[in-house]
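Residues per chain are reported as follows:
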Amino acid sequence: MSDALPIIEPFRIKSIEPILVSTREERARHLAEAHGNLFKLHSADVMIDLLTDSGTGAMSAEQWAAVMRGDESYAGSPSFLRFESAVQEVYGFENVIPTHQGRAAEHLLFRTLVRPGHVVPNNTHFDTTRANVEAAGGVALDLPCKESEVTSSDFPFKGNMDVDALRRVLAEKAGSVPLVMMTITNNAGGGQPVSLDNLRAVHALCAAHSVPLFIDACRFAENAWLMRARDPALAGSSIPELVRAVFDLSEGCTMSAKKDGLANIGGFVAVRDPELAAELRRRLVVTEGFPTYGGMSGRDLDAVAQGLYEVLHEDYLEYRAASVRYVVQRLDASEIPVLRPAGGHAIFLDAARFLPHIPVRRYPGQALAMELYLEGGIRSCEIGSVMLAHHDETTGEEIPARHELVRLAIPRRTYTQSHMDYVIEIVRRVWKRRDAIAGVEITAAPPVLRHFQAEFGRVGR
Ligand SMILES: *Cc1c(COP(=O)(O)O)cnc(C)c1O
């Protein structure tokens, strides 16, 4: 192992964006002006922006060339035909409906399939997915596998669904489950992959109850890579083959092209059933646009069409997985509590174990995210009770999230290993002074998706 060659970034840099190096005093001022909410910072005041991997990746020279080919015709644009055939070829779905991003695809699908009182099981809903199920009057039910409970264990497929729990839900409520959804990789569950065996088991249950299985496909290529790396039975399969093996189990998918589409914007919903597609298109023209552009420009359609092929390249996926693993292994070696094993798109710090003196109702994840910014200008994202807590319907009491995580999402093809070394060192410095870090309280928040707008105040120890 020791004389294996390092895995390099499989690209050269052609165009650069400067990073403004700030002082701690400047960052303290910016954070106060943002009321402690990292979503409210100006991005120019961030040094390493790991808030999200969504839409923030670097496009390739071929994608920029595709942007120039973009055709902005209102109807029948060749850009749409290239987009449509890329989705058909990669995923195998006949009917392709472009949307401006993933949540618009979710909106169309759930508004069409979900009625008040319906239950939608998912391995773990992403925040916009949950919000769209609930907006359609449904109940968003998370059924993560039991192995995902312990953040320090090395179970390879912590993104899996709890198949026994799904069996019970389908037996008890079969008439009110309009679809089952699988999120690959499991973003809110730590970017952990879902195994092919788990997808097959979920598919078999769905088939037995005549309930369609849909896939939240945002990180389908990363899932395929990790699936193969962690399942010896798949060693001989190519990535495109594995992608098809996954989607062949489903009736359709929603996709944010801002993730594994390697694009800055875009998404789609793709389905097998032509009648469902017709219904989705009827809604599409009301809220998004004509069926050959949805919510996208022709140049974006072309950038995504190219991105969907590039994301399947083995060198790219190997480097992508290696850069996340590199950070996880080094933090782990410093005994810093980090979600294991390494996921596909992000490093997740376990804030509950990082800051055990801060109770959950004082949001240790938010407190830690604020410290990473103060220490080194790193912007991360709390994925804990600020983002995911819900309120008990009768008592109004806040029920905490399953985990208090801080996500360091790695934008695709954007940062180099020396940026990752910097991130590791900043986390270590915060870890060394962890005992002096205080919790926070929410001083103002809107009722839905509160993490985007909430304001925070420090609460002394
Ligand atoms: C990003 C994301 C979405 C929503 O996509 P947008 O393009 O941000 O609207 C849905 N599900 C998962 C798993 C995601 O990561």
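Structure's up top.
## Side note on the overall build of the protein chain
Consideration 1: Helix and strand counts for the protein chain stand at 16 helices and 16 strands.
Consideration 2: Scaling as 2.2 N^0.38, a compact globule of 461 residues should have a C-alpha radius of gyration of about 23 Å, and the protein chain matches this with 21 Å.
Consideration 3: Its C-alpha atoms give the protein chain principal-axis dimensions of about 60 × 55 × 45 Å.
Consideration 4: Here the protein chain contributes 49 positively and 59 negatively charged side chains, and the mean placements of these two sets differ by 3 Å.

## Topic: helix 3 (residues 78–91)
Consideration 1: Helix length check: helix 3 (14 residues) gives 20 Å between terminal C-alpha atoms against 20 Å at 1.5 Å per residue, within 8%.
Consideration 2: The N-cap residue of helix 3 is S77: its side-chain oxygen and the backbone nitrogen of S79 are 3.0 Å apart.
Consideration 3: Where helix 3 ends, the next residue or the one after it, G92, has phi of about 85°, a positive value.

## What to know about the sheet that holds strand 9 (residues 346–350)
Consideration 1: Overall, antiparallel pairing links the three strands, which are arranged 9-14-11 in an open sheet. Strands with a single pairing partner mark the edges of an open sheet, and in this sheet they are strand 9 and strand 11 (381–383). Taking the axes of each pair of neighbouring strands and ignoring which way they run, one obtains an average angle of 35° across the sheet.
Consideration 2: One ladder, built from three bridges, connects strand 11 with strand 14 (residues 405–409); its direction is antiparallel. Note that in strand 14 the partner of C381 across the bridge is R407.

## Digging into a nonpolar patch on the surface
Consideration 1: On the surface, Y74, V285, V286 and F290 cluster together into a nonpolar patch covering about 410 Å² of accessible area.
Consideration 2: Using a relative accessible area of 69% as the deciding quantity, one classes V286 as exposed.

## Here's the deal with helix 11 (residues 298–310)
Consideration 1: If you check helix 11, its first and last C-alpha atoms are 19 Å apart, about what 13 residues at 1.5 Å a residue would give, namely 18 Å.
Consideration 2: Taken residue by residue, helix 11 has G298, L301, D302, A303, V304, A305, G307, L308 and E310 as its buried positions.

## Looking at the packing of aromatic side chains
Consideration 1: By the definition in use, this model includes 13 aromatic pairs.
Consideration 2: Judged by centre distance (5.8 Å) and plane angle (85°), the ring pair of F83 and F268 falls under edge-to-face. Here F83, found in helix 3, pairs with F268, found in strand 8 (residues 267–271); they are 185 residues apart in sequence, far enough to count as distant. Neither residue differs from the other here; F83 and F268 are each classed as buried.
Consideration 3: Look at F220 and F247: their rings are 6.2 Å apart centre to centre, the planes differ by 70°, and that puts the pair in the edge-to-face class.

## With respect to unusual backbone geometry
Consideration 1: Following I184, the chain continues to T185 via a peptide bond in cis, the omega torsion being -20°.
Consideration 2: Counting through the fold element by element, T185 comes out in the loop between strand 5 (180–183) and helix 7 (196–208).
Consideration 3: Each neighbour pair has its own omega, and for R340 with P341 the value is -10°, a cis peptide bond.
Consideration 4: Residue position: P341 is located in the loop between helix 12 (314–333) and strand 9.
Consideration 5: The backbone of S210 sits at a positive phi, close to 55°, despite the residue not being glycine.
Consideration 6: Locating S210 in the fold gives a position in the loop between helix 7 and strand 6 (213–216).

## Thoughts on the nonpolar core
Consideration 1: Formed by 62 residues in total, the largest nonpolar core has its most connected members in Y91, V180, F220, F247 and L308.
Consideration 2: Look past the residues within four positions of V180 in its chain and what remains in contact with it is P121, M161, L166, L170, V202, C206, V211, P212, L213 and F214.
Consideration 3: Counting residues in hydrophobic clusters, the runner-up holds 47 residues, among them M47, L368, V430 and A454.

## Notes on the environment of G294
Consideration 1: You can see G294 is positioned in the loop between helix 10 (274–287) and helix 11.
Consideration 2: C-alpha of G294 to C-alpha of I437: the two residues are 143 residues apart in sequence and 47 Å apart in space.
Consideration 3: Setting aside chain neighbours within four positions, we find G294 in contact with P98, L284, E288 and G289.

Criteria and thresholds
- Residues numbered from 1 in each chain as written.
- Predicted model: local features only at pLDDT ≥ 70, side-chain atom pairs only at ≥ 80, totals over all residues.
- Heavy atoms only, no water.
- Helix = DSSP H or I, 4+ residues; strand = E, 2+ residues; numbered from the N terminus.
- Rg over C-alpha atoms; globule rule 2.2 N^0.38 Å.
- Lys, Arg positive; Asp, Glu negative; His and termini not counted.
- Charge placed at Lys NZ, Arg CZ, Asp CG, Glu CD.
- Expected span 1.5 Å × (residues − 1).
- Polar contact = N/O pair within 3.5 Å; in protein donor to acceptor, adjacent residues only side chain to side chain.
- Pairing = 2+ DSSP bridges.
- Axes fitted to C-alpha atoms, helices over the stretch in contact; angles between N-to-C directions.
- Patch = residues over 30% accessible without salt bridge, like charges linked within 9 Å, V, L, I, M, F, W, Y side chains within 5 Å.
- Areas by Shrake-Rupley, 256 points an atom, 1.4 Å probe, with all protein chains shown as cover.
- Salt bridge = Lys/Arg side-chain N within 4 Å of Asp/Glu carboxyl O.
- Buried < 20%, exposed > 50% of the residue type's maximum accessible area, 1.4 Å probe, protein only.
- Phe/Tyr/Trp six-rings, centres within 6.5 Å; stacked < 30°, edge-to-face > 60°.
- Core = buried A, V, L, I, M, F, W, Y, C linked by side-chain atoms within 4.5 Å.
- Contact = heavy atoms within 4.5 Å.

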